[in-house]
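For reference, the chains in residue letters:
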Amino acid sequence: MASSLSYVEFVMEQMSGAGTITYRRMFGEYGLYCGGKYFGLICGDRALVKITPAGEALLPDCPRDIPYEGGGEMFVPDAEDRETLAELVRVTCAALPAKKPRKRTPKKERDNG
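The notes below deal with the structure included here. Remember, it's a predicted structure, so these values are computed and weren't measured experimentally.

## Details of helix α3 (residues 82-95)
Reasoning step 1: The terminal C-alpha atoms of α3 lie 20 Å apart, and with 14 residues this matches the ideal 20 Å at 1.5 Å per residue to within 8%.
Reasoning step 2: For α3, the full list of buried residues reads L85, A86, L88, V89, T92 and C93. Seen from one end, α3 has its buried residues packed into an arc of 155°, which puts them on one side. Exposed positions of α3 whose direction lies more than 90 degrees from the buried face are E83 and A94.

See below:
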């Protein structure tokens, strides 16, 4: 079941205490980003957040699930708990590696001979 845009907007507002939250459509669902870092997604009208040691320390009993067949296990935090959700996003993003800059590939030279 595809997620509704109204649910995406609700979750983004709930997470806003963590920083600038954006989304990108991905495979009919929504990838979530904070400061350009991918940290989670919304799938089937559920917010899911990557599991990190910092997140486990914050919420050791947080429910987990696999968002789609072939996906990895992720936290399924309570989207209604604004403060805890924002803190989970903060600690998760702090634990994730920095975004790598994209390498530009040089254009091939043309032989005009």
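## Comments concerning the side chain of T92
Reasoning step 1: Mapped onto the secondary structure, T92 falls in helix α3.
Reasoning step 2: Assessed through its relative accessible area of 0%, T92 is described here as buried.
Reasoning step 3: In this view, T92 contacts F39, V49, K50 and T52; residues no more than four positions away in its chain are not counted.

## Structural notes on the nonpolar core
Reasoning step 1: Within the largest apolar cluster, 24 residues are counted, with the highest numbers of intra-cluster contacts made by V11, M15, I21, F39, I42 and V89.
Reasoning step 2: Looking at this core, the elements with two or more residues in it are α1 (5-15), β2 (29-34), β3 (37-42), β4 (47-49) and α3.
Reasoning step 3: The residues touching F39, leaving out its near neighbours within four places in the chain, are M15, I21, L32, Y33, C34, V49, K50, M74, V89, T92, C93 and L96.
Reasoning step 4: Counting five residues, the second-largest nonpolar core is a separate cluster that includes L41, C43, L48 and M74.

## Digging into unusual backbone geometry
Negative phi values dominate among residues other than glycine, just as trans dominates among peptide bonds.
Reasoning step 1: A positive phi angle, near 55°, is found at F27, a position not held by glycine.
Reasoning step 2: Residue position: F27 is located in the loop between β1 (21-26) and β2.
Reasoning step 3: One non-glycine residue, D45, lies in the positive phi region at around 55°.
Reasoning step 4: Position of D45 among the secondary structure elements: in the loop between β3 and β4.

## Side note on the pairing of β3
Each regular strand carries side chains that alternate between the two faces of the sheet.
Reasoning step 1: Relative to β3, β2 runs antiparallel, the two sharing five bridges. Along β3, the bridge assignment pairs L32 with G40.
Reasoning step 2: The turn joining β2 and β3, which pair antiparallel and follow one another in sequence, is formed by two residues; a positive phi near 60° is taken by G35.
Reasoning step 3: Here three bridges tie β3 to β4, and the two strands are oriented antiparallel to one another. What sits directly across from I42, in β4, is A47.
Reasoning step 4: Where β3 folds back onto β4 in an antiparallel hairpin, the turn is made up of four residues, including G44, whose phi is positive at roughly 60°.

Rules used throughout
Residues numbered from 1 in each chain as written. Predicted model: local features only at pLDDT ≥ 70, side-chain atom pairs only at ≥ 80, totals over all residues. Heavy atoms only, no water. Helix = DSSP H or I, 4+ residues; strand = E, 2+ residues; numbered from the N terminus. Expected span 1.5 Å × (residues − 1). Buried < 20%, exposed > 50% of the residue type's maximum accessible area, 1.4 Å probe, protein only. Arc of directions from axis to C-beta. Contact = heavy atoms within 4.5 Å. Core = buried A, V, L, I, M, F, W, Y, C linked by side-chain atoms within 4.5 Å. Pairing = 2+ DSSP bridges.

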